[in-house]
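Architecture at a glance
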Amino acid sequence: MASAFEYAPAPESRSVVDIAPSYGLFIDGEFTEAAGGKVFKTVSPSTEEVLSEIAQADAEDVDRAVRAARKAFEKWSALPGSERAKYLFRIARIIQERSRELAVLETLDNGKPIKETRDADLPLVAAHFFYYAGWADKLDHAGFGRNPRPLGVAGQVIPWNFPLLMLAWKIAPALATGNTVVLKPAETTPLSALFFADICRQAGLPKGVVNIVTGDGRTGAALVAHPDIDKVAFTGSTAVGKEIARTVAGTRKKLTLELGGKGANIVFDDAPIDQAVEGIVNGIFFNQGQVCCAGSRLLVQESIHDELLESLKRRLSTLRLGDPLDKNTDIGAINSAEQLARITTLADQGEAEGAERWSPACELPTSGYWFAPTLFTNVTQAHTVARDEIFGPVLSVLTFRTPDEAVAKANNTPYGLSAGIWTEKGSRILAVANKLRAGVVWSNTFNKFDPTSPFGGYKESGFGREGGRHGLEAYLAPSSPEGER
Amino acid sequence: MYSRYARRYARLVTMPTNAPSPTAERVGGTPSAHALADVTTSDSTLRRFLHGLPGVDAVGLEARAASLGTRSIKTTAKAYAIDLAISMVDLTTLEGADTPGKVRALGAKAVHPDPTDRTTPSTAAVCVYPDMVATAKAAVAGSGVKVASVATAFPAGRAALDVKLADVREAVAAGADEVDMVIDRGAFLAGKYLKVYDEIVAVREVCGTSARLKVIFETGELSTYDNIRRASWLGMLAGADFIKTSTGKVAVNATPANTLLMLEAVRDFRTQTGVQVGVKPAGGIRTSKDAIKFLVLVNETVGEDWLDNHWFRFGASSLLNDLLMQRQKLATGRYSGPDYVTVD
């Protein structure tokens with residue numbers, strides 16, 4: 001925007017993180033080679049620089065990890081909750097101590113701006129461990145009967161958009177409730193999970209309680225299909241979620257799925273406009289829009305459409321896209337070439353279907369995977385960009401005339417993960433929120449997370465809740481008569 | 001954007017909204033020169049207009065201000081920002097104990113803030129009580145430094161209108177280039193918006209063509225962000241050249257959030273009327289780090305049109321020395337310490 005006050009580069013130092021040239025699998029407390037000896041590379045999405053070589057786990061490795069977790073389960077689950085809590089508190093504190101290192105690492109491997117890893121991801125990761133550490137010795141009072149039991153070994157598969165945060169969402173409640181885990185991080189972002197393995201060792205966590213197997217979809221499939229897994233927890237795309245549900249159907253495995261979304265951000269004409277603009281920006285451009293609960297559909301009351309769009313465009317023109325390690329960067333890189341291709345295809349389709357495309361003047365770096373913040377106006381419910389999850393910095397703008405129409409349009413999607421309501425009228429917030437079929441409804445804010453708040457979806461956005469007291473349920477069996485004391 | 005009323009009037013706007021036109025810089029212009037003039041025809045139209053402005057979500061506003069506060073301003077950008085901030089300081093002394101000697105020292109400091117480095121820019125102005133204006137004028141004579149005078153029974157503003165106007169008249173007659181008036185917060189909080197408006201208009205008239213008018217809201221006493229937004233529009237409608245947060249005499253003075261809100265107000269006012277109004281946060285800004293955060297707010301909310309001491313000021317006293325120490329640090333690579341800047 002302004003040329004007089006140019007911010008000089010303010011890069012966070014890379015030297016705080018030491019990435020090894022290669023990493024093995026973390027099984028039974030040790031880093032080991034993959035049985036097949038296969039490896040893959042993980043790159044920095046902002047530069048395409050190769051960061052490290054990672055072992056590709058096959059079914060044999062997964063079996064080894066599950067057996068380690070099974071072996072560790074007996075002692076781990078028998079520990080008093082207060083003892084398990086000590087480990088979780090220790091992990092939380094180590095994460096805080098190493099948060100700068102982990103933030104830089106996450107930014108390098110994922111491409112998201114350091115501002116976000118530093119101010120959102122890492123504080124939330126630590127908070128999540130602290131929160132569930134607090135539950136570990138209070139499970140009798142969590143509302144699941146006296147002495148609820150852990151399920152056993154949890155197989156957890158997480159996505160690349162919040163690598164360490166999704167790990168925390170999975171591992172913290174599982175460990176607090178006495179389960180042991182085998183976790184597979186995403187193929188494009190394995191590093192923070194491997195650093196977490198080191199943190200487990202630093203915390204003295206008993207061997208086998210946490211196992212990390214890296215690899216692509218085949219590794220995940222082997223984990224989900226392993227007969228000795230008691231629980232599958234998956235966060236990722238709806239397509240893969242459906243496949244997993246088919247795999248575990250008819251087995252004893254409990255399943256929670258946190259899948260895609262097409263969140264509606266509903267702005268009424270009496271909204272606090274400047275804050276609504278911020279909320280819209282935060283809703284769709286946070287993490288380059290690679291957020292399952294992103295507010296990717298803006299539903300704006302027709303009477304303020306033009307004015308709101310003008311404010312929104314002015315605001316988008318101030319977004320700073322570039323080096324994710326620069327502390328002043330607002331928009332980082334797209335995580336992978338594959339994701340960039342998907343975003344590009346869907347955006348082109350939006351244009352081809354007649355929606356009006358707009359991006360602020362914005363120079364994209366020449367190497368790496370980049371996509372400019374993009375708005376689509378003149379969008380209707382029939383457009384692909386209003387229906388399909390794009391998982392990128394692309395906002396579709398639709399209008400409505402009445403609260404009923406807003407609710408109908410917001411709910412008119414196969415998904416049901418998130419929604420936002422912007423109005424100064426408290427009674428309208430309550431009335432509309434009650435009618436929205438979305439797991440999370442934010443009022444006069446968006447994309448705010450807290451470990452105490454359950455998160456999850458309706459319909460094709462999945463089932464089960466993570467976070468809060470509800471998040472314990474996914475890892476507990478109701479108390480059996482033998483469980484009663 | 002701004003409510004049915006504002007929207008309706010906005011259509012009347014014909015002035016360009018980017019570069020300030022000659023009429024936009026409105027020293028001596030009448031407040032009715034802009035497109036929203038008829039919202040002030042009666043107490044009820046004014047009330048409806050002000051209450052029709054969009055609400056402010058406090059959490060969201062503060063979060064935005066805090067997020068801009070994380071910008072990292074280094075090296076060349078920092079050097080630019082420090083010099084800009086120095087040039088925007090209204091170097092202020094508003095004490096019962098002010099003497100001609102104190103004011104002369106302040107004037108000398110404003111002209112040459114750093115005796116060891118004559119490349120240091122002058123401050124924008126010195127800000128004093130009306131009875132010190134003549135002394136201050138003499139102290140800064142021949143420099144570009146302006147003399148600003150608080151007036152209208154500063155800081156409480158609890159006096160009859162003719163007393164307030166006499167206060168302003170004295171300041172203007174003594175040569176004040178700028179007048180910093182306080183609004184009647186009691187009247188504002190009682191909902192008597194037209195009374196507040198009329199007082200500002202009256203002061204504006206006394207300022208005439210010789211002094212720019214800064215209108216102080218005492219945001220700490222208005223308390224809510226909705227009130228601050230309404231007061232901002234009220235002040236601008238009445239012909240303020242600057243809107244200013246506070247007197248520096250109450251517990252809560254300038255904050256990033258209330259300044260951000262006022263920046264949004266001047267931005268929107270210009271969009272609707274073509275008239276550009278300045279902003280002056282005052283009180284509580286003591287460090288370079290704070291000042292730079294405010295400049296980031298300016299840069300990312302209203303842009304470079306306001307990055308100039310004609311449109312943005314800091315009301316401060318101790319801030320200047322910290323800016324000077326930081327400036328010396330950038331030049332020499334070392335911190336100098338308080339003995340290397342002047343005490344006044």
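Worth saying up front: this structure is predicted, and the values here are computed from it rather than measured.

Now for the overall build of chain A. When helices and strands are counted, chain A shows 15 helices and 20 strands. By its C-alpha atoms, chain A is 60 × 50 × 35 Å across when sized along the principal axes. The burial tally for chain A puts 57% of its 485 residues in the buried class. Within chain A, residue pairs in contact and separated by at least 24 positions form 73% of the contacts whose partners lie at least 6 positions apart.

All right, on to the overall build of chain B then. For chain B, the count of helices and strands is 14 helices and eight strands. A compact globule built from 344 residues would reach a C-alpha radius of gyration of about 20 Å, and chain B, at 19 Å, matches this within 12%. For the C-alpha atoms alone, the extent of chain B along its principal axes is close to 55 × 45 × 35 Å. Expressed as a percentage of its 344 residues, the buried residues of chain B come to 57%.

For the rest of this paragraph, the subject is the packing of helix α5 (residues 100–111) of chain B against helix α6 (residues 133–140) of chain B. Residue and element names in this part refer to chain B. Between α5 and α6, whose axes approach to 8 Å, the crossing angle comes to 35°. As for the relative orientation of α5 and α6, their crossing is right-handed in sense. Residue-level contacts link Pro100, Val103, Arg104, Gly107, Ala108, Ala110 and Val111 of α5 to Thr135, Ala136, Ala139 and Val140 of α6. When the residues that make up the contact of α5 with α6 are grouped by side-chain class, the tally is eight nonpolar, two polar and one charged.

Attention now goes to helix α10 (residues 305–316) of chain A. All names here are of chain A. Relative to the 16 Å expected for twelve residues at 1.5 Å per residue, α10 spans 16 Å between its end C-alpha atoms, a close match to the ideal helical length. If you check which residues of α10 are buried, you get Leu308, Ser311, Leu312 and Leu316. Each buried residue of α10 sits inside an arc of 135° when the element is viewed along its axis, so together they form one side. Structurally, α10 contributes buried residues whose contacts are with β12 (264–267), α9 (273–285) and β13 (297–301).

Residue and element names in this part refer to chain A. Tracing the backbone through its elements, the reader meets Val277 in helix α9. Spatially, the C-alpha atoms of Val277 and Pro360 are 15 Å apart, while their sequence positions differ by 83 residues. Setting aside residues up to four positions removed in sequence, Val277 forms contacts with Ser311, Leu312 and Arg315.

Residues and elements named next belong to chain B. Along strand β4 (residues 178–182), five of the five residues are buried, which leaves the element largely enclosed by surrounding structure. Burial along β4 is two-sided: the face carrying Glu178, Asp180 and Val182 and the face carrying Val179 and Met181 are both buried. By the bridge criterion, four bridges tie strand β3 (residues 146–151) to β4 in an arrangement that is parallel. Opposite Ala148, over in β4, you have Glu178 as the bridge partner. Handedness of the crossover joining β3 and β4 through helix α7 (residues 161–173): right-handed. Sheet topology places β4 next to strand β5 (residues 212–216); five bridges connect them, and they run parallel. Looking at the pairing, Asp180 lines up with Lys214 of β5.

Take the interface of chain B and chain A next. By a widespread convention, an interface's size corresponds to the accessible area lost as its parts come together. Counting from both sides, the interface comprises 26 residues of chain B and, opposite them, 26 residues of chain A. Mapped by element, the contributors of at least two residues to the side of chain B that touches chain A are α3 (58–68), α4 (75–87) and α13 (288–301) of chain B. Residue composition of the side of chain B that touches chain A, by class: eleven nonpolar, eight polar and seven charged.

Here chain B averages 91 in pLDDT, while 90% of its residues score no lower than 70. Low pLDDT, under 50, characterises residues 1–31 of chain B; the predicted model gives this stretch 59 contacts beyond four residues in sequence or across chains.

All names here are of chain A. When cut into domains, chain A gives domain 1 (14–259 + 461–483) and domain 2 (264–450). Its C-alpha centre places domain 1 at a distance of 30 Å from the equivalent point of domain 2. Broken down by element, the residue count for the side of domain 1 that touches domain 2 peaks at four residues, all from helix α4 (residues 114–135). Residue composition of the side of domain 1 that touches domain 2, grouped by class: six nonpolar, eight polar and six charged.

Structurally, Val210 of chain A is set in strand β9 (residues 210–212). Beyond its immediate chain neighbours, meaning those up to four positions away, Val210 of chain A contacts Ile171, Val181, Ala197, Cys200 and Leu205 of chain A.

What follows covers helix α14 (residues 319–332) of chain B. Residue and element names in this part refer to chain B. With 14 residues, α14 extends 20 Å between its outermost C-alpha atoms, agreeing within 8% with the 20 Å of an ideal straight helix rising 1.5 Å per residue. Among the 14 residues in α14, ten count as buried, and that is most of the element. Looking at α14, one finds that the buried residues are Leu319, Leu320, Asn321, Asp322, Leu323, Leu324, Met325, Gln326, Arg327 and Gln328. Against the buried residues of α14 lie α4, β1 (89–92), α13 and β8 (314–316). Count one or two residues on from α14 and you reach Gly333, which has phi positive near 85°.

This part covers the UniProt feature "domain: Aldehyde dehydrogenase" (unreviewed entry) in chain A. Taking the numbering used here, the UniProt-annotated feature "domain: Aldehyde dehydrogenase" (unreviewed entry) corresponds to residues 32–477 of chain A. With 41% helix and 16% strand, residues 32–477 of chain A has end C-alpha atoms that lie 33 Å from one another.

Attention now moves to the sheet that holds strand β15 (residues 374–377) of chain A. Residue and element names in this part refer to chain A. With mixed pairing, the seven strands of this open sheet are ordered in space as β14-β15-β16-β13-β12-β17-β18. Every interior strand has two partners, whereas the edge strands, β14 (356–358) and β18 (440–443), have only one. Strand-to-strand, the axes of this sheet are offset by a mean angle of 20°, without reference to chain direction. Along the sheet, helix α11 (residues 337–352) contacts β14, β15 and β16 (394–400); its crossing angle with β14, the most-contacted strand, is approximately 130°. Against the sheet, helix α13 (residues 403–411) touches β12, β13, β16 and β17 (418–422), its axis set at about 145° to β16.

Time to look at the nonpolar core. Counting residues in each nonpolar core, the largest one holds 108 residues, and the members touching the most others are Ala85, Val89, Val126, Val179, Val215, Ile243 and Leu295 of chain B. Non-local contacts of Leu295 of chain B, meaning those with residues more than four positions away in its chain, are made with Phe5 of chain A together with Ala81, Leu84 and Ala85 of chain B. Ranked by size, the runner-up nonpolar core spans 92 residues in total, among them Leu25, Val66, Leu122 and Tyr132 of chain A.

Residues and elements named next belong to chain A. Across the five residues of β13, five count as buried, placing the element largely inside the fold. Burial of the side chains of β13 extends over both faces: Arg297, Leu299 and Gln301 are buried on one face and Leu298 and Val300 on the other. Of the pairings in the sheet, the one linking β12 to β13 comprises four bridges and is parallel in character. Residue pairing for β13: Ile266 is matched across the bridge by Leu299. Chirality of the crossover, the property in question, places the unit of β12, α9 and β13 among those that are right-handed. Relative to β16, β13 runs parallel, the two sharing five bridges. Bridged to Arg297 within β16 is Ser396.

It is worth spelling out the sheet that holds strand β1 (residues 22–23) of chain A at this point. Residue and element names in this part refer to chain A. Pairing is mixed across the open sheet formed by three strands, whose spatial order is β1-β5-β4. Pairing within the sheet leaves two strands with one partner each, and these edge strands are β1 and β4 (39–43). One ladder, built from two bridges, connects β1 with strand β5 (residues 50–55); its direction is parallel. Residue Ser22 lies in a different strand from β5, and its bridge partner there is Glu53.

Moving on, we get to unusual backbone geometry. Between Phe154 of chain B and the following residue, Pro155 of chain B, the backbone shows a cis peptide bond with an omega angle of 0°. Here Pro155 of chain B lies in the loop between β3 and α7. Even without being a glycine, Asn287 of chain A presents a positive backbone phi close to 55°. Examined against the element boundaries, Asn287 of chain A turns out to sit in the loop between α9 and β13. Unlike most non-glycine residues, Ser223 of chain B shows phi in positive territory, near 75°. Mapping Ser223 of chain B onto the fold places it in the loop between α10 (219–222) and α11 (225–237).

Scoring rules and cut-offs
Residues numbered from 1 in each chain as written. Chains lettered and ligands numbered in written order. Predicted model: local features only at pLDDT ≥ 70, side-chain atom pairs only at ≥ 80, totals over all residues. Helix = DSSP H or I, 4+ residues; strand = E, 2+ residues; numbered from the N terminus. Buried ≥ 20, exposed ≤ 12 C-beta atoms within 10 Å, placed from the backbone. Contact = placed C-beta atoms within 7 Å. Rg over C-alpha atoms; globule rule 2.2 N^0.38 Å. Axes fitted to C-alpha atoms, helices over the stretch in contact; angles between N-to-C directions. Left-handed = near helix turned anticlockwise from the far one by under 90°. Nonpolar A, V, L, I, M, F, W, Y, C, P; charged D, E, K, R; others polar. Expected span 1.5 Å × (residues − 1). Arc of directions from axis to C-beta. Pairing = 2+ DSSP bridges. Right-handed = clockwise from strand over helix to strand, strands pointing away. pLDDT = per-residue confidence, 0-100. Domains from an automatic or database assignment. UniProt positions renumbered as here; feature names shortened; annotations may be inferred. Core = buried A, V, L, I, M, F, W, Y, C linked by C-beta atoms within 7 Å.

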